[in-house]
Structures are given as C-alpha cells and as structure tokens.
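Observations on chain architecture
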Amino acid sequence: MSTDRSAPADTAGYDDRRRWRALGVGLVAAFMTLLDVSIVNVAVPSIDRALNATPSDLQWVLSGYALTFGLILVPAGRFGDARGRRIAFVAGLVLFTLTSAVAGLAGSPLWLIIARLVQGAAAGVVNPQVSGMIQQLFRGAERGRAFGLLGATIGISTAVGPLLGGLLIQLGGEQHGWRYVFFVNVPVGIIAVILGWRLMPARPAGVPDRHRLDPVGVLLLGIGVTLVLLPLVQQQQWHGGAKWLLIPAGLVFLAAFGLWERRYARRQQPLFDLRLFLLRSYTLGTLIGLFYFAGFTAIFFIFTLYLQIGLGYSALAAGLAITPFALGSAVAAAVGGRVVNRYGRPLVGIGLLVVVVGLAATVWVLHSSSHVSVPVLTAVPFLVAGLGSGLVIAPNQTLTLSEVPVPQAGSGAGMLQTGQRIGSAAGIAAVGSVFFSTLGNTRGDWSTAFRHALVLAAGIIALALVAALVDVVLGHRRSPARSGAS
C-alpha cells in the first residue's frame with residue numbers, strides 16, 4: 001500500500017487547507033444523510049399520533065429512505081466520476097435540503113412517504129461523492145486519516161441518531177417534535193451547499209468530456225437492487241412467503257447487470273467496472289462491510305424498540321443509552337484511520353473481534369442481572385463494542401478502496417455502500433424476525449427477545465470477522481511469494 005504523502009496529480013489548486021476544508025464539508029453532508037437513517041426511529045410514535053399513520057405508512061417512512069438511498073448509490077457515483085463530483089454533490093445536497101423541509105411540513109402520511117423516498121435518493125447522490133473526493137484529493141497516510149474521519153462520521157451518525165432525535169422531540173414536544181428531526185437539516189444543508197460549491201473538486205483532470213452513463217446498466221442494477229431490498233424492508237408488513245421470491249428474481253437481474261457490464265466495457269466506460277472484484281482488498285472489504293452493517297445497524301433497531309416499547313423509556317433516555325457506543329466508535333475511528341496503513345487488515349480483524357466480545361458481554365450482563373437498569377448494565381459493554389466498531393468502519397473503507405483507480409472512485413465507493421445498505425436491510429429483517437418471534441413465543445418477554453436477537457447480530461458480525469481473517473491469511477501467503485520474486 002502506498003504511503004506517499006504528496007498531493008495527487010489531479011488536485012491542482014488544492015493546498016492542504018483547502019483539501020481539509022473540502023473534507024469537512026463532505027463530512028457534514030455525510031453526517032446529515034446517514035443520520036436520517038436512524039434518527040427517525042425514535043420519532044415514529046410522534047408521527048403515528050400526529051398524522052394518524054398506519055403501520056404500513058410508518059414502515060415506508062423508515063424503509064423508503066433506505067430503499068432509494070441504496071438504489072441510487074452506484075449510478076450517482078459513476079456520474080460524479082464522469083461529470084465532476086461538485087455538480088453531483090451540490091445537486092444532491094440541494095434536493096436533500098428541500099425534501100427535508102417538505103418532510104417537516106408533511107400534513108399526511110403519503111406526503112411524508114414521498115418526501116422520504118426523494119430524500120433517500122438525494123442522500124444516495126451525495127454519499128459516493130464524499131468517498132470519491134477523498135480518493136481524489138488524498139494519498140497514503142493522509143487518505144487513511146481522511147477515511148478515519150469519514151468512518152467516525154458513519155459510526156457516530158448511526159449511533160447518535162436516536163439521542164439527537166430524542167433531544168429534538170423533547171424540545172419540540174410529542175405532537176410536533178418529530179418535525180424538528182427534519183427541519184434541523186435545512187440550515188445546515190444551506191451552508192453546506194454554499195461551501196460545497198466553493199470547495200468540492202469539479203471534473204477530475206484527465207477524465208474525457210464525453211462519457212455515456214450506461215442507461216441499460218442503470219436500469220438492470222436498479223431493478224435488481226429494488227427486488228432484493230423490497231422484501232427485506234417490508235418483511236413485517238408483507239405477510240406470506242411469496243415475497244421472498246423477489247430476491248432470486250433480483251439476483252437474476254443483478255447477474256444480467258454483470259453480463260451487460262462485461263459486454264459494455266469493451267466499447268465504453270461501464271457503470272461499474274467489474275474488474276474491481278479481481279482486487280482481493282475490494283472484494284473481501286465489500287463482503288466485510290455487508291456483514292458488518294447487517295449486524296451493526298440491526299443492534300440499534302432492536303435496542304430502541306426494547307427500551308422505548310418494552311421498558312417504557314423516553315426517546316431521549318433511549319438515545320442516551322446508545323451514547324457509550326457512539327463515543328467509543330468516535331475515539332477508535334480517529335485512531336484507526338491514522339494507523340491503518342501500518343497494520344492493514346489485521347486491524348479490522350481485531351476491531352471485529354472486540355465488537356463480538358462487547359456484544360457477548362452485553363448478552364451476559366443482561367442475563368446475569370435484573371436489579372440494575374438496562375442503560376447502566378449495557379454502558380460498559382457497549383463502550384467496548386463501540387471501540388471495536390471504530391476500528392472496523394474507517395480502516396475497512398480505506399483498505400477496500402485503496403487499490404481503486406481515481407476515475408472509478410465514485411462508482412467503487414457506491415458499490416461498497418450499496419452492499420452496506422443491502423446488509424443493513426437484510427440484518428434488520430433477520431434480527432428483527434428473531435426479536436419479534438421470540439417476543440411472541442415468550443408472551444412478551446422483551447429481555448429474552450433482545451438477548452436472542454443480539455446473539456444473532458453478533459453471529460452475523462462474526463461472519464465479517466471470518467472474511468477479514470481470510471484476507472489476512474491470503475495476504476501472508478502472497479507476501480513470501482513477493483519476497484522470493486524480488
């Protein structure tokens with residue numbers, strides 16, 4: 001892995017101060033868009049009361065955002081690679097800010113659902129530009145630091161969402177506090193749009209002006225991702241087993257996408273260059289991200305339900321209970337980004353092991369003691385799991401994208417994040433299924449349901465650990481061969 005600290009060749013006009021300022025704007029935008037994945041969870045009871053929403057409406061408010069977010073990532077990343085990241089970043093952020101305001105003004109469930117669908121698509125436009133910008137503007141150890149900050153942003157935004165949502169609902173009241181969850185994006189978004197236009201890089205140097213954007217590839221990938229995600233995000237609302245037939249249908253479309261991209265690449269730059277999967281670091285890193293987010297995101301979903309509905313905690317108290325994880329993740333991510341170039345994939349493996357240990361400890365303390373409040377019992381093991389998480393997200397992103405060429409940085413990051421979104425949806429579906437089925441079988445034993453679901457989440461994260469260990473072993477096998485060749 002390169003450790004060159006010099007600025008990239010395609011960053012003319014970007015001194016150190018401007019590069020880090022551009023990163024700051026990108027991180028603010030990433031924080032807002034990823035925060036909206038989790039912050040709305042604690043607002044659901046308020047939305048239900050204010051808009052008289054049905055369970056299906058509420059499910060679409062939550063899952064519609066994740067669906068369109070995942071759907072748009074790769075095409076948006078490819079657009080940024082081809083036409084310039086600044087245009088895509090600013091356009092996506094303008095749309096995200098507008099739809100946040102529209103969501104906050106919603107007068108009916110349908111109004112809010114449509115706003116959330118468009119808001120998710122806008123978030124999907126913004127996010128791959130941030131990863132692509134880091135690839136474009138930073139190299140070596142500096143890139144590790146930049147991805148470390150992005151990893152901290154991802155971890156904190158996911159974990160702190162319930163806390164911030166609880167604070168805003170407390171401030172605005174039970175009836176209208178949920179509107180503040182959306183309105184808070186508006187002033188921040190306006191400032192980020194202005195600064196983004198000034199600081200984000202335009203078209204990367206050396207990229208030809210004429211790029212077709214592969215509409216057939218966009219269509220095949222879009223249909224495939226939609227068919228895979230729909231039964232996952234609608235698992236609780238669509239009854240019966242027929243919905244699962246959509247997943248193999250989606251896999252057929254994704255296979256067709258792969259065949260089309262191979263053919264298209266002979267003539268034009270494809271939507272996604274499948275040769276990236278020949279890179280071990282990219283393939284295994286994407287797999288690690290998919291498994292990790294499947295377990296990681298599901299934890300906060302079931303923990304919020306357990307505390308608010310099962311134990312009667314307020315939205316603010318539920319958010320505070322997750323704070324130790326967020327703090328641990330923030331601290332470790334900053335450290336992990338600085339040392340990832342030195343330790344490589346073993347650092348990710350250590351982080352995953354620490355997460356699994358922290359979750360196992362959480363299950364143990366909840367099973368062993370019933371005389372102490374749950375937020376107190378879980379504080380230390382959640383802090384440990386958060387420290388591990390900080391060593392996973394940022395270093396894995398750095399290593400996964402380390403060999404991706406800058407002209408494919410946006411689409412490569414988009415595919416990585418698409419895997420994370422699919423993992424999140426699949427994890428919530430699987431872990432949520434165990435949670436609700438245990439709840440039904442035990443006649444409302446919320447503590448047992450949470451422990452069983454948490455064991456499954458830890459098991460899914462253990463699969464990410466297996467993928468990391470495979471990368472470490474293969475890396476050690478290649479190193480002696482290289483030494484002998486030299």
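Summarised in this report is the structure supplied together with it. Please read these numbers as outputs of a predicted model, since none were measured by experiment.

Counted according to the given criterion, the structure contains 19 aromatic pairs. The interplanar angle of 55° and the centroid separation of 5.5 Å between the aromatic rings of Phe 277 and Tyr 282 together place this pair among those described as tilted. Each ring, one from Tyr 306 and one from Phe 450, has its centre 4.8 Å from the other, and the planes form 15°; the classification is stacked. Placement of Tyr 306 in helix α10 (residues 280-310) and of Phe 450 in helix α16 (residues 446-485) is noted, with a sequence separation of 144 residues between them.

Relative to the helices and strands, Leu 95 resides in helix α4 (residues 85-104). A sequence separation of 30 residues divides Leu 95 from Val 125, and the C-alpha atoms of the two residues are 9.5 Å apart. Look past the residues within four positions of Leu 95 in its chain and what remains in contact with it is Val 118 and Ala 122.

Turning our attention to empty space enclosed by the protein. Which parts of space are left empty comes out when a probe the size of a water molecule is rolled across the atoms. With the rule as written, the count across this model stands at two cavities of 30 Å³ or more. Approximately 140 Å³ is the volume found for the largest cavity. What lines the largest cavity is a set of 16 residues, among which Leu 34, Ile 154, Thr 158, Phe 293 and Arg 421 lie closest to the centre. Sort the elements by how many residues they give to the lining of the largest cavity and helix α15 (residues 409-441) lands first, with four residues.

Attention shifts here to the environment of Ala 256. Along the chain, the position of Ala 256 falls in helix α9 (residues 246-264). Between the alpha carbons of Ala 256 and Leu 221 there is a distance of 8.6 Å; along the sequence they are 35 residues apart.

A word on a nonpolar patch on the surface. Judged by side-chain polarity, Leu 327, Val 331, Val 335, Leu 383 and Leu 387 come together as a nonpolar surface patch covering roughly 420 Å² of accessible area. Within the residue set of the nonpolar patch, elements represented by two or more residues are α11 (315-343) and α13 (374-390). With three residues, the single largest contributor to the nonpolar patch is α11. Note on placement: Val 335 falls in helix α11.

This part covers the packing of α4 against helix α7 (residues 185-199). Their axes nearest at 9 Å, the elements α4 and α7 cross at an angle of 165°. With respect to α7, the element α4 is oriented roughly antiparallel. As α4 runs across α7, the sense of the crossing is left-handed. Contacts between α4 and α7 involve Arg 86, Phe 89, Val 90, Leu 93, Val 94, Phe 96, Thr 97, Ser 100 and Ala 101 on the former and, on the latter, Asn 185, Val 186, Gly 189, Ile 190, Ala 192, Val 193, Gly 196 and Trp 197. Residues belonging to the contact of α4 with α7 are distributed by class as follows: 11 nonpolar, five polar and one charged.

What counts as what
Residues numbered from 1 in each chain as written. Predicted model: local features only at pLDDT ≥ 70, side-chain atom pairs only at ≥ 80, totals over all residues. Heavy atoms only, no water. Phe/Tyr/Trp six-rings, centres within 6.5 Å; stacked < 30°, edge-to-face > 60°. Helix = DSSP H or I, 4+ residues; strand = E, 2+ residues; numbered from the N terminus. Contact = heavy atoms within 4.5 Å. 1 Å grid on protein atoms, 1.4 Å probe; cavity = no way out; pocket = protein on both sides within 12 Å on 5 of 7 lines; lining within 4 Å. Points joined across faces, edges and corners; volume = space filled by probe spheres on them. Patch = residues over 30% accessible without salt bridge, like charges linked within 9 Å, V, L, I, M, F, W, Y side chains within 5 Å. Areas by Shrake-Rupley, 256 points an atom, 1.4 Å probe, with all protein chains shown as cover. Salt bridge = Lys/Arg side-chain N within 4 Å of Asp/Glu carboxyl O. Axes fitted to C-alpha atoms, helices over the stretch in contact; angles between N-to-C directions. Parallel < 35°, antiparallel > 145°, perpendicular 65-115°, else oblique. Left-handed = near helix turned anticlockwise from the far one by under 90°. Nonpolar A, V, L, I, M, F, W, Y, C, P; charged D, E, K, R; others polar.

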